[in-house]
Amino acid sequence: MLTDRQKLILKAIIEEYVTSNEPVGSKALTEKPYLSFSSATIRYEMQHLEEMGYLMKTHTSSGRVPSELGYRYYVDHLVIRDSEVTELYKYVDDIFNDQYLSKEEMTKKIANFLSELTGYYAAVIGMPSDLAKVLKLEIVPLSENEALLLIVTSSGNVESQRIIVPEGYKMDDLMRIISMFDTAMYNHSVYEIRDVLSKEAAKPRIRQMVDFRDDILNFMIKAFSRFLKGETYDSGLSKLLNQPEFQDRKVIQKIIQAINEELHKAAMGSIDKGIQIRIGSESLCDGLEECSIISIPYSVNVNEMGTIILVGPTRMNYRATIPLLEYVAKSMTKLNKR
C-alpha cells in the first residue's frame, strides 16, 4: 500500500520520464512546485518505491525509471485524464463532418490523425461482419452482354463485380439465376452463405447453367470472404520505430511480428468491453515487452463494430492518449450516416 506522498512522487517521476525519456533524480523533483519535500525525503521515498518494485535504477545514472509495475499502478490509480486534450476534439469532429469523405477515407484519416498526434502506431480495425445479413443480390445491365453484380449486406457493405454473359446466353438468363440466389440467401448471415451457395448450386435448374454458375459462385465466395475478414486501416509504424527505445534491429523485427499478431487477434477475436491497457509483458506477445498497447472497442451500428489500437513505448503519454481514444471511439457512430 503506497502512502499519499509515495503516490505523488511516483506520479511525478512517471510523467517526467514520459516527457524526457531520461532517468529522473531527486533534484528534478524538488524543482516541481507541487512536491514540497526536501531532497533527502524524496530520495528516501524513491528508494522505498524501488524496493517495492515500482521504480528501477539504471546503470548509467543515479536517477530512476518506472518499472512495468509502476506504470500499471499509475494507469490504474494515478493517471488523470488531461483536460487540455479536449482542444483536439474539434479536429476529430472535422474529419467526421467532412461531407466529401467516404467511410473508408474517414477511417484512414482517423488512423493517420492518431499516429501524427501521438507519434505512435495506430490502427482502426473492423471486426468480421458475422452479424451482417444478406439483403440483396442485384444485377445492373451495362450492355447486351455485360452486367454489374451487386451484393448488399445489412451492415451497409457492398461488393460489386462485372459479369460477362457467355456466348449462347442472354441477359435474362443471368437475371433469372441471380434471382434464384437472391431468394435463397436473403436474411442469412454471411457466415451461413457458403452452405447456402453449395445447396443452391447443386440444384438441377442452376447446374444447367454451368458457365454462369461458376463465374457467379467464384465471385460470391470471394466477396463474402472479404466481408468476414473485416478491414484494417493503420498508420505510424515508422514513427513508432523512431522512438529511442526501438533502435535495435532485432527489437524492430520482433515488434513488427508482434504487431501483426496483435492485429490478427483483434480482427478475429471478440470485442472487449471498455478500454484495455496492456503494459509490457501483459500483452503476451514476444517482442512487445517495451511497448504498451491501448485498445478500445467502437460501434458504428448494431451490425458494424471494431477496435481502435494504439501501440507506443511503455512511457507513452497515458493522460492524453486515453481521453483522445475514448472520444474517437465514441465518434465512430457518425460513420453510420455514410
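Treat the numbers as computed from the prediction; the structure is a model and nothing was measured. (Residues numbered from 1 in each chain as written. Predicted model: local features only at pLDDT ≥ 70, side-chain atom pairs only at ≥ 80, totals over all residues. Heavy atoms only, no water.)

Asker: Would you mind going over a negative patch on the surface with me for this structure?
Answerer: A contiguous patch of negative charge on the surface is contributed by Glu68, Glu261, Asp286, Glu289 and Glu290. Looking at the element boundaries, Glu261 is found in helix 12 (residues 249-268). Its relative accessible area of 37% is what places Glu261 among the partly exposed residues. (Patch = residues over 30% accessible without salt bridge, like charges linked within 9 Å, V, L, I, M, F, W, Y side chains within 5 Å. Areas by Shrake-Rupley, 256 points an atom, 1.4 Å probe, with all protein chains shown as cover. Salt bridge = Lys/Arg side-chain N within 4 Å of Asp/Glu carboxyl O. Lys, Arg positive; Asp, Glu negative; His and termini not counted. Charge placed at Lys NZ, Arg CZ, Asp CG, Glu CD. Helix = DSSP H or I, 4+ residues; strand = E, 2+ residues; numbered from the N terminus. Buried < 20%, exposed > 50% of the residue type's maximum accessible area, 1.4 Å probe, protein only.)

Asker: Please explain the environment of Met46 as it appears in this structure.
Answerer: With respect to the helices and strands, the residue Met46 is situated in helix 3 (residues 39-51). On a C-alpha basis, the gap between Met46 and Leu10 in space is 8.0 Å, while along the polypeptide they are 36 residues apart.

Asker: Can you walk me through the side chain of Asp182 in this structure?
Answerer: If you trace the backbone, Asp182 turns up in helix 7 (residues 171-185). Among the residues examined, Asp182 registers a relative accessible area of 16% and is labelled buried. Residues within four places of Asp182 in sequence aside, it is in contact with Leu135, Lys136 and Leu137. (Contact = heavy atoms within 4.5 Å.)

Asker: Even after reading the chapter, I still don't get the sheet that holds strand 5 (residues 146-153), so can you show me in this structure?
Answerer: Note: strands within a sheet are paired through backbone hydrogen bonds, in either parallel or antiparallel orientation. Strand order in the open sheet formed by 3 strands is 4-5-6, with antiparallel pairing between adjacent strands. Since the sheet does not close on itself, it has two edges, and those belong to strand 4 (134-141) and strand 6 (158-164), each with one partner. Going across the sheet, the axis of each strand differs from the next one's by a mean of 20°, ignoring polarity. In the sheet, strand 4 pairs with strand 5 via 7 bridges, with the strands oriented antiparallel. By the bridge assignment for strand 5, Lys136 is matched with Val152. (Pairing = 2+ DSSP bridges. Axes fitted to C-alpha atoms, helices over the stretch in contact; angles between N-to-C directions.)

As far as function goes, none of this settles anything; it's purely spatial.
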